[in-house]
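Topology and contacts: notes
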Amino acid sequence: MVVLTFRTSSAYGHLPLVYHPLQLSTYVASRSRKLRNHSKRLVPFAQYSQAQDLFTSRLQDRIQNLPTLLKDIVQTSISTGPRGALRLAQGIQAVIGVGSEWLEDVSKSTNMPSRLPAQMQLGLLSPIYLRRLFERMGATYIKLGQFIASAPTLFPAKYVEEFQNCFDRAPAVPFEDIKTILVQELGRPIDSVYEYVDPIPIASASIAQVHGARLKGSQEDVVIKVLKPGIEDVLVADLNFVYIVARVLEFLNPELSRTSLVGVVKDIRESMLEEVDFMKEAANIESFRRYLVAMRLTGQATAPKVYSHCSSRRVLTMERLYGVPITDLNSISSLVSSPESSLITALNVWFGSLVAYGNFHADVHAGNLWLLRDGRVGFLDFGIVGHISSKTWMAMELFLSSLATQEYETMASSLIEMGATNQNVDSMALARDLEKIFASIQDLDTEIVVATARETSTTATAISANVLVDERQMNALFLDVVRVSESYGLKFPREFALLLKQLLYFDRYTRLLAPNLNMLQDQRITIVSNRTGSFKNNF
């Protein structure tokens, strides 16, 4: 016999004082199971307590940060002023307009047997309708859309792809308004500066309008880029609103602070305000021209001369260059004997500015890269210029060389070096994933469309060409690289996206003008770091 003389809590009753050994073992096993079940019931209470403590801690943090948030909102609202109310009304009108389009599309879809298409399920937040809303909202949001399209390292792939179609188009401002701005900015009558100004604009975008003109005295042909009236007020109001939204979202969801949402908005704001300050663009142009002089490249390439005596923050007067876009096959062939040589020159000049002092033209689409009548390559529109650090460029060089030689382990190492991460990355696994992605590059469909038209005044036939499909596929390829890399915890700087986007443009031109050229391996193209050279010291 075994005699036990202890008692348990009332929750489990009293133990009998006398037990047979077999009964005792049975009893102990039974009580153990009950204790385990009881402990399991305690786990949710412990988890609830931890969650409650976490909630209390976060609530205290938010309460502490609330005065700072409110102060920030008030200061931003004051700096916005009454223009904020006007933009709010315009925003509501735009939302109603795009909302009507969405409802109309939904009504059409409900008549179909299938479920609502995926692109409609998010309403106005779906990529296609958000892009339409941005276009209706005007300058700021068009520029924001273009920023999204150029920053796949920051935004979801579907939005990046959709915002590739965000067009910067706007009706022309009446010439009388342009003349008023010119007088205000120049501080003297227009006819004392220009012999003639063409009232019909060459181009009209959301932020600026461009007119042809001729300088008084020197009789030089120029173009005048004029900031549209009221655009600065619109930008300030819109960007302040976007900033407040970002601050509120981070306040309501502190997890968003890990994505640096407010930091991204600040970067966008700084970038946009720089783009509407034409003195910054003038400085970019002059810097590029000094680079050409220092490297003795003025006989091969140029950028328009800036006339500072008739330029200001809102007006930019530049030399007028005459030429054709680099995709105009017929005209290029009439200007130079070897389009391939012109392309190699463009590549060397562009890479040279990058490796010499870390700056590069960050928008080399065909409208900004011309072949001039004198055979030189012309670089236009320096509103967007990329800046890259030595560390990022060294990693980028390694990436480009490994891309050319298909050494995927080296490519993975370069991406790891370039991307910010707090975790260990399996470089071999990343290399295998990259190899799968780039294996598809051989399957890219390149369709060169040649359009012919008979000139009315002559018997000549005009030929123009472009590369279709290729750009969208190349963008998709780049998004795949970013997506795979981010799955390993890598976060790339925006400059990486800007830089690679320009390489995709040059890839298009290579396929068009020199199909047998490998721009990353051809020895005629120089991609060598020279950051310590004397030229950098001049800046």
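Here, the structure is the one placed above.
Attention in this report is confined to the structure presented alongside it. (Residues numbered from 1 in each chain as written. Predicted model: local features only at pLDDT ≥ 70, side-chain atom pairs only at ≥ 80, totals over all residues. Heavy atoms only, no water.)

1. Structural notes on the pairing of strand β11 (residues 369-372)
Neither face of β11 is open: one carries Leu369 and Leu371, the other Trp370 and Leu372, and all of them are buried. Across three bridges, strand β9 (residues 323-325) lies against β11 in antiparallel orientation. In the strand pairing of β11, Val324 is matched with Leu371. Where β11 meets strand β12 (residues 377-379), three bridges bridge the pair, whose relative direction is antiparallel. Looking at the pairing, Leu371 lines up with Val377 of β12. (Buried < 20%, exposed > 50% of the residue type's maximum accessible area, 1.4 Å probe, protein only. Helix = DSSP H or I, 4+ residues; strand = E, 2+ residues; numbered from the N terminus. Pairing = 2+ DSSP bridges.)

2. Considering the packing of helix α10 (residues 278-294) against helix α12 (residues 339-357)
Their axes nearest at 11 Å, the elements α10 and α12 cross at an angle of 100°. Of the possible angle classes, the one that applies to α10 and α12 is roughly perpendicular. Residue-level contacts link Ser287, Phe288, Tyr291 and Leu292 of α10 to Asn348, Val349, Gly352, Ser353, Ala356 and Tyr357 of α12. Class assignment for the residues of the contact of α10 with α12 results in six nonpolar, four polar and no charged. (Axes fitted to C-alpha atoms, helices over the stretch in contact; angles between N-to-C directions. Parallel < 35°, antiparallel > 145°, perpendicular 65-115°, else oblique. Contact = heavy atoms within 4.5 Å. Nonpolar A, V, L, I, M, F, W, Y, C, P; charged D, E, K, R; others polar.)

3. Structural notes on the side chain of Lys228
Tracing the sequence through the fold places Lys228 in the loop between β6 (221-227) and α8 (231-252). Among the polar contacts listed, one links the side chain of Lys228 to the backbone oxygen of Ala205, at a separation of 2.7 Å. The residues contacting Lys228, other than those within four sequence positions of it, are Ala170, Pro171, Val173, Ile181, Ser204, Ala205, Ser206, Ile207, Ala208 and Gln209. (Polar contact = N/O pair within 3.5 Å; in protein donor to acceptor, adjacent residues only side chain to side chain.)

4. A closer look at the sheet that holds β12
Spatially, the four strands line up as an open sheet ordered β7-β12-β11-β9, and their pairing is mixed. Each end of this open sheet is capped by a strand with a single partner; those strands are β7 (301-302) and β9. Here β7 runs beside β12; their pairing, made up of two bridges, is parallel. In the sheet register, Thr302 faces β12, and the bridge partner there is Gly378. In the packing of α12 onto the sheet, the strands contacted are β7, β11 and β12, and the crossing angle to β12 comes to about 40°.

5. Describing the pairing of β6
Of all seven residues in β6, six are buried, a share of seventy percent or more. In this sheet, β6 lies alongside strand β5 (residues 208-215) in antiparallel orientation, the contact comprising seven bridges. When the bridges of β6 are listed, Ala208 appears paired with Leu227. Between the end of β5 and the start of β6, which pair antiparallel, lie five residues, with Gly217 showing a positive phi angle near 95°. Of the strand pairs in this sheet, β6 and strand β8 (residues 315-319) are connected by five bridges, and their pairing is antiparallel. Note on β8: the bridge partner recorded for Val223 is Met318.

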